[in-house]
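What the coordinates show
Given next are the chains, with one letter for each unit.
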Amino acid sequence: MLHGREGELAAIELLLQRARAGRSGTLVLRGEAGIGKSALLDRAAEAADLRVLRGTGVESELGMPYAGLHLLLGRHLDRVGALPDAQAEALRRALGMGVGANAAAPADPATAAAPGAATGGDRFLVGLAVLTLLSDLAEERPLLCLLDDAQWLDGASAEALLFAARRLEAEPIVMLFAARDPDAPEFPAPGLPELRLTGLDDAAAAGLLDERAAGLPAHVRREILAEARGNPLALLELPVGASRTGPGPASVPAPDPAADPARGARPVTATFGRLWRTFAERVEELPEATRTVLLVAASDDQGGLGTVLDAAGRLGAGVADLEPAERARLVRSAEGRLEFRHPLIRSAVYQGRPVGHRLRAHAALAEAYAASGDLCHRAWHLANAATGHDERAAAALEEAAEGERQGGGQHAAASMYEWAARLSPDPADRGRRLAAAARAAADAGEAEQAFALAGRAAPDVADDGERAGLVLLRAALADEQDRTREASRLLVEEAVSVAGAEPYTAGHLLFQAAASAGNAGDLAELERIAGRAEEMGAPNAPYVRALARVFAGQNPLGAAGAAGAADGVAALRELLDGMRDCLSPRDVVRFAMWHLMLGDVRGGHEIAASLERRFRDEGAIGLLSLTLMPLSRTLLMLGRTRDALTAADEGMRIAADTGQHRIRVYQATVLALIAAMRGDEERCAELAAEAIARDVPPSSVHAVAALGLLDLGAGRHEAALNRLSELVAGPPNRQGAIASLPDLVEAAVRSGRPERGADAAAWYREWSAQVRLPWAEAVALRCAALLATDDDAEKYFTQAVELHRQGGIPFERARTELLYGEWLRRARRKNDARAQLHSALDAFERLGAVPWAERARTELRAAGESFADSAAEAGADLLALLTPQELQVVRLAATGLSNREIGAQLFLSPRTVGYHLYKAYPKLGVASRGELSRLPLT
């Protein structure tokens with residue numbers, strides 16, 4: 001029995017019961033070494049009706065990407081082929097299984113090829129593949145995944161498993177993580193519930209000790225209880241030490257994890273140190289050959305019995321030498337693997353042996369893996385056996401890294417290249433390998449690591465072009481992390497250094513520097529960079545200057561006045577026309593955003609929608625989140641509010657998982673604008689807060705604009721005027737402020753201060769004249785009508801309404817019709833007013849713009865109208881009952897896609913897709929999938 005753990009056992013049993021009922025559960029158990037985490041996992045594993053997968057983090061393989069995942073899934077790799085193609089390929093690459101539809105799982109996972117990593121691809125796609133695979137296994141019977149010593153999981157495995165854990169919802173799956181804390185690296189698991197284990201109370205501790213070692217002398221019993229402080233493992237193991245005739249080997253000090261600051265561990269606790277020494281002393285009492293076999297096993301993450309015995313044989317030990325360790329209950333053999341009974345035993349075996357012994361163990365393992373054809377593990381152990389610069393080990397690591405990278409294993413390749421660089425005697429080789437590590441880390445999505453590696457590589461890289469490429473990489477990474485000023489500085493410095501030998505490269509560097517300076521809002525620096533490009537005679541100097549003009553034209557009330565708008569639009573068109581040969585996905589997303597800046601909403605939407613389909617098909621989750629930025633905003637402007645909400649909500653969730661903070665904040669502003677249209681005060685303020693605090697345009701501008709629209713819709717005209725006036729008169733870089741100018745004009749007029757809107761109206765009129773789009777010209781005419789005398793107002797209003805009918809932005813058309821209807825009613829032309837107001841009301845109801853719809857109803861009542869709720873409103877309410885994710889799932893299901901196909905597109909498990917459909921059917925009044933195609937779901 002487990003003494004004193006009734007509460008913890010009940011919490012775990014509740015999760016198991018949920019799994020039996022078809023629902024998911026996760027829990028992270030935290031506590032010091034020996035506190036009972038592993039015992040709780042053992043007890044959970046006794047559930048006979050659940051399929052159990054078990055894995056353990058291994059300290060010596062902390063740097064081997066996907067090693068932990070390989071151990072967990074090893075017995076079920078034959079199921080990988082049933083996954084959707086993109087997921088299967090990503091997981092095969094991650095686990096070193098090869099790629100292609102016919103790639104077979106290795107017969108013996110313990111001797112499988114070394115784990116690798118997914119491409120910059122979407123290492124998150126590996127997490128989705130894990131989720132789908134676990135869901136498939138759970139279809140047969142509920143599944144229990146146990147991850148012990150999670151603090152030692154390699155980063156790639158931990159990321160994939162946590163990605164899957166956070167998406168569990170309707171699967172009969174329980175995931176339990178056990179992480180040591182303190183005395184080990186941190187295991188952050190944001191979003192997952194946690195349970196911290198503390199020491200047993202006095203009664204439970206005494207009961208456990210008496211069960212383990214009845215008949216101890218009273219003074220010994222008291223000493224053990226006092227020293228154990230309720231730690232169950234201490235209560236079990238200290239009596240063994242107490243029975244010894246001496247204190248044990250004094251030459252076995254407890255390791256100090258804090259000695260390795262890179263691992264972020266905390267100082268060793270007294271209990272941890274005593275337990276570690278207890279195990280180390282027991283190991284020291286074993287025969288030398290037995291300790292040799294144990295050391296080899298502790299040095300290897302795979303634990304395959306055949307490999308361990310092969311390596312041990314090279315050191316003069318064999319299978320018979322395992323028997324003393326098995327009798328001492330230190331190890332056990334199961335399913336072709338040699339396992340330590342407790343993670344602390346592995347640590348005591350490895351850390352307790354002299355360095356020379358450890359080096360020989362790794363060398364023997366390198367030979368054993370070479371004999372089996374596993375070049376990756378051979379290189380890994382050769383590196384562990386090196387004592388300084390070692391070109392043989394470095395070359396082996398580089399060869400293995402190249403193989404991993406060709407197969408898409410960017411994460412593993414980065415680690416191997418970096419280690420190869422550390423072992424390289426020659427600076428040129430070191431620079432080459434660090435540069436390769438930086439590129440692989442960037443492709444793996446590890447931005448901070450890639451930035452640091454590129455910086456370390458640069459001093460040892462002699463070639464100007466290669467060094468410039470490293471600077472470009474660092475700058476791009478800094479820019480994505482909002483370190484835009486640093487990015488600009490790096491690029492300018494490098495451009496100056498290579499200008500003589502590489503003018504085209506210098507020009508490209510300066511263009512990227514200009515973009516970074518513009519994103520940082522430093523228009524003075526942007527102007528200096530453009531001038532420098534012209535002085536240097538850079539081939540692309542006109543494009544650098546055009547970019548400077550674009551940003552200058554984004555300041556509505558700046559020194560350039562309305563003329564700045566015209567020049568900015570012209571410059572933007574020059575960039576679009578001159579850079580159409582750019583083929584990278586990120587450049588294409590930039591094109592979509594540029595179309596938005598030109599008011600070409602449909603053009604931007606077509607680009608974004610095309611990219612979205614492509615990235616969903618490829619499972620490229622990182623690029624998908626980037627594409628959802630222009631997609632969500634164009635959907636909103638095109639009047640597809642629910643689709644915009646769904647896209648922005650998905651974009652935020654993905655960006656939170658991928659660490660793309662700039663994208664997450666941007667999508668929050670799209671959601672804030674939707675909340676403003678709907679009149680949801682609390683939600684709008686909540687979503688806008690972070691962008692405003694960060695003060696990085698365009699997100700900061702969009703956030704303030706959302707609050708201004710919220711004020712305007714609520715009738716707080718003075719507040720809207722002050723807020724928007726401050727916005728457009730603020731710092732020079734007001735990217736995105738153009739869209740708020742009509743709101744400022746309306747707020748000024750409704751506040752009785754039309755003169756405060758005159759400049760904004762003039763600037764918007766100039767911009768609309770340059771972009772030459774009917775919807776933009778219509779909004780400019782609406783502004784003119786608001787500021788005009790009654791004699792001219794109707795002319796402008798009627799022209800605006802006519803232009804709106806050519807298509808464009810439904811919300812803007814409805815606002816024009818509302819304002820025109822109000823004007824007509826005040827002119828006592830009630831019949832004419834009702835036609836405009838009814839059209840506005842219908843649009844506002846379709847868009848879910850609650851306060852605006854209420855304003856239209858109020859005007860209709862004032863015009864003598866009485867009416868019931870419209871059919872459009874009733875239909876809107878039906879779809880409004882669905883969550884954004886339910887709406888996504890329902891729409892895809894209506895096209896005939898299977899749950900599995902939908903899950904692959906939305907990064908959900910098939911069972912979760914089915915759960916969302918189950919929840920949506922009664923809301924929509926349908927009973928089956930076949931009925932969905934008959935519903936108006938747009």
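Residues numbered from 1 in each chain as written. Predicted model: local features only at pLDDT ≥ 70, side-chain atom pairs only at ≥ 80, totals over all residues. Heavy atoms only, no water.

With respect to the helices, strands and loops of the structure, S768 is situated in helix α36 (residues 758-771). Residue classification places S768 among the buried positions, given a relative accessible area of 3%. Excluding its chain neighbours within four sequence positions, the residues that come into contact with S768 are L773, A776, E777 and A780. (Helix = DSSP H or I, 4+ residues; strand = E, 2+ residues; numbered from the N terminus. Buried < 20%, exposed > 50% of the residue type's maximum accessible area, 1.4 Å probe, protein only. Contact = heavy atoms within 4.5 Å.)

Further remarks concern unusual backbone geometry. Peptide bonds are, in most cases, trans, and in most cases residues other than glycine have a negative phi. Across the junction of P697 and P698, the peptide omega takes the value 5°, indicating a cis bond. Of note, the phi angle at D149 is positive, near 50°, even though the residue is not glycine. Summarising the element assignment, D149 is placed in the loop between β3 (143-148) and α6 (155-166). The class for D149 is buried, based on a relative accessible area of 7%. In this structure, R828 is a non-glycine residue whose phi angle is positive, near 65°.

Take the pattern of salt bridges next. Should the charged atoms of two oppositely charged side chains come close, the side chains can pair. This model, assessed by the stated rule, comprises 65 salt bridges. Between E525 and R528 there is a salt bridge, and its shortest N-O distance comes to 2.9 Å. A residue pair is termed a helical-turn pair when its members lie 3 or 4 positions apart in one helix, as E525 and R528 do in helix α24 (residues 523-536) at three residues. The salt bridge partner of E802 is R805, with a shortest N-O separation of 3.4 Å. What makes R805 partly exposed here is its relative accessible area of 48%. Connected through salt bridges with shared partners, the residues D743, E746, R750, R815, E822 and R855 form a single ionic network. (Salt bridge = Lys/Arg side-chain N within 4 Å of Asp/Glu carboxyl O.)

Turning next to the sheet that holds strand β2 (residues 51-56). With parallel pairing, the five strands of this open sheet are ordered in space as β2-β3-β4-β1-β5. Each edge of the sheet is formed by a strand with only one pairing partner; in this case those strands are β2 and β5 (194-196). Taken over all neighbouring pairs, the strand axes of this sheet differ in orientation by 15° on average, direction set aside. In the sheet, strand β1 (residues 25-31) pairs with strand β4 (residues 173-180) via seven bridges, with the strands oriented parallel. (Pairing = 2+ DSSP bridges. Axes fitted to C-alpha atoms, helices over the stretch in contact; angles between N-to-C directions.)

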